[in-house]
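The lines below spell out each chain.
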Amino acid sequence: MAAPLTDRVALITGGSQGIGRATAALFAQRGARVIIADVNEAAGAAAVQAIEDNGGTAQFVPTDVTDRAATEALAEAAQAAYGALDILVNNAGITRDATLAKMDGDAFDAVVDVNLKGVFNTTKAALPYLQGSAHGRILNAASVVGLYGNFGQTNYVASKSGVIGMTKTWARELGRDGITVNAVAPGFIETPMVETVPDKVMDRLVKQTPLGRLGRADDIARAYAFLASDDAAFITGAVLSVDGGLVL
Ligand code: NAD
């Protein structure tokens with residue numbers, strides 16, 4: 001049986017849909033008390049309802065991770081709701097793809113603000129509470145493109161490479177607090193985020209994937225659940241690719 005997350009308090013940004021929603025649902029199923037933080041309030045409320053319908057415990061806190069004060073209020077709300085904070089999953093992310101020649105400064109800033117600075121804001125706000133946990137875990141959403149680059153994604157790749165760098169830095173800094181810090185690098189996962197990728201590109205990606213399919217949100221949720229569990233107690237600073245072998 002998979003390692004439980006019984007009574008751990010887990011805060012998941014971008015948990016209203018896609019990978020974040022699947023992660024929140026799986027964590028709750030394994031016994032965690034979950035806080036979903038997202039800008040999408042309607043979808044967040046639906047995600048909480050689905051968890052509660054399955055007998056789990058969850059709350060939604062509307063939060064824009066680019067707003068430092070809002071992330072501070074979020075961390076306080078998590079602590080106030082459940083009296084602890086054990087696991088932070090920095091999952092919120094966006095794309096605004098264009099080649100370097102066509103990418104404007106706004107598209108660069110917007111993606112870096114959410115994907116990189118949002119991770120900084122939320123982690124800094126959550127840190128004092130995570131330091132009070134006996135099982136502190138920080139899990140960051142990277143991407144295989146943050147390791148290898150990708151055509152048309154200067155902004156997104158910069159943000160994800162930066163997340164990998166912060167993961168390794170925080171693993172060094174926070175080990176003495178008993179906090180592990182790891183990143184998951186998904187390949188291409190069937191979520192609303194990749195709906196704009198043309199079918200012919202997706203078909204080519206499937207052909208290039210040794211396991212012969214796109215990833216599913218659950219594939220990534222299970223990787224987060226493993227890294228959040230006691231089974232991963234001695235893993236820190238790792239970047240776990242979950243991509244069906246797409247990049248080898
Ligand atoms: P998604 O677009 O389905 O969900 C992202 C969620 O983040 C949404 O609920 C959105 O409302 C929320 N969000 C966006 N901006 C926010 C903000 N400023 N503050 C709070 N919440 C915000 O995306 P997904 O595919 O589930 O991706 C989740 C994470 O995984 C992202 O960090 C993404 O970069 C990463 N990732 C996804 C893939 C993929 O193929 N889908 C691959 C590699 C990495």
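Bear in mind the structure is a predicted one, so any value in this text is a computation, not a measurement.

**Some words on the side chain of S229**
Right, on to step 1. Within the secondary structure, S229 sits in the loop between α8 (217-228) and β7 (239-242).
Right, on to step 2. On the accessibility criterion, S229 (1% relative accessible area) is buried.
Right, on to step 3. Once residues within four sequence positions are removed from consideration, S229 is found in contact with A3, L5 and R137.

**Looking at unusual backbone geometry**
Right, on to step 1. The residue D7 is not glycine, and still its phi comes out positive at about 65 degrees.
Right, on to step 2. For D7, the location among the structural elements is in the segment before β1 (9-13).

**Comments concerning the nonpolar core**
Right, on to step 1. Counting 33 residues, the largest nonpolar core has F27, V34, I36, I87, L139 and Y224 as its most contacted members.
Right, on to step 2. Residue assignment for this core shows that the elements contributing at least two residues are β1, α1 (18-29), β2 (33-38), α2 (41-53), β3 (57-62), β4 (87-90), β5 (137-141) and α8.
Right, on to step 3. For this core, the element with the highest residue contribution is α8, accounting for eight residues.
Right, on to step 4. Among all residues touching L139, those that are not within four sequence positions of it are F27, I87, L88, V89, N90, N182, Y224, L227 and A228.
Right, on to step 5. Core analysis: the second largest hydrophobic core is formed by 30 residues, L74, L85, I138 and A185 among them.

**Side note on helix α6 (residues 154-174)**
Right, on to step 1. Helix length check: α6 (21 residues) gives 30 Å between terminal C-alpha atoms against 30 Å at 1.5 Å per residue, within 8%.
Right, on to step 2. When α6 is considered as a whole, its buried residues turn out to be N155, Y156, V157, S159, K160, V163, I164, M166, T167, W170, A171 and L174.
Right, on to step 3. At its buried positions, α6 is contacted by α4 (105-130), β5, α5 (144-148), β6 (180-186) and β7.

**Observations regarding the packing of helix α3 (residues 68-82) against α4**
For any two helices packed against each other, one specifies the inter-axial angle together with the distance between the axes.
Right, on to step 1. The geometry of α3 relative to α4 is characterised by a closest axis approach of 9 Å and an angle of 35 degrees between their N-to-C directions. The element α3 and its partner α4 pack so that their crossing is right-handed. Contacts between α3 and α4 involve R68, T71, E72, L74, A75, E76 and Q79 on the former and, on the latter, K117, F120, N121, T122, A125, A126 and Y129.
Right, on to step 2. Tallied by class, the residues present in the contact of α3 with α4 amount to six nonpolar, four polar and four charged.

Rules used in this analysis
- Residues numbered from 1 in each chain as written.
- Predicted model: local features only at pLDDT ≥ 70, side-chain atom pairs only at ≥ 80, totals over all residues.
- Heavy atoms only, no water.
- Helix = DSSP H or I, 4+ residues; strand = E, 2+ residues; numbered from the N terminus.
- Buried < 20%, exposed > 50% of the residue type's maximum accessible area, 1.4 Å probe, protein only.
- Contact = heavy atoms within 4.5 Å.
- Core = buried A, V, L, I, M, F, W, Y, C linked by side-chain atoms within 4.5 Å.
- Expected span 1.5 Å × (residues − 1).
- Axes fitted to C-alpha atoms, helices over the stretch in contact; angles between N-to-C directions.
- Left-handed = near helix turned anticlockwise from the far one by under 90°.
- Nonpolar A, V, L, I, M, F, W, Y, C, P; charged D, E, K, R; others polar.

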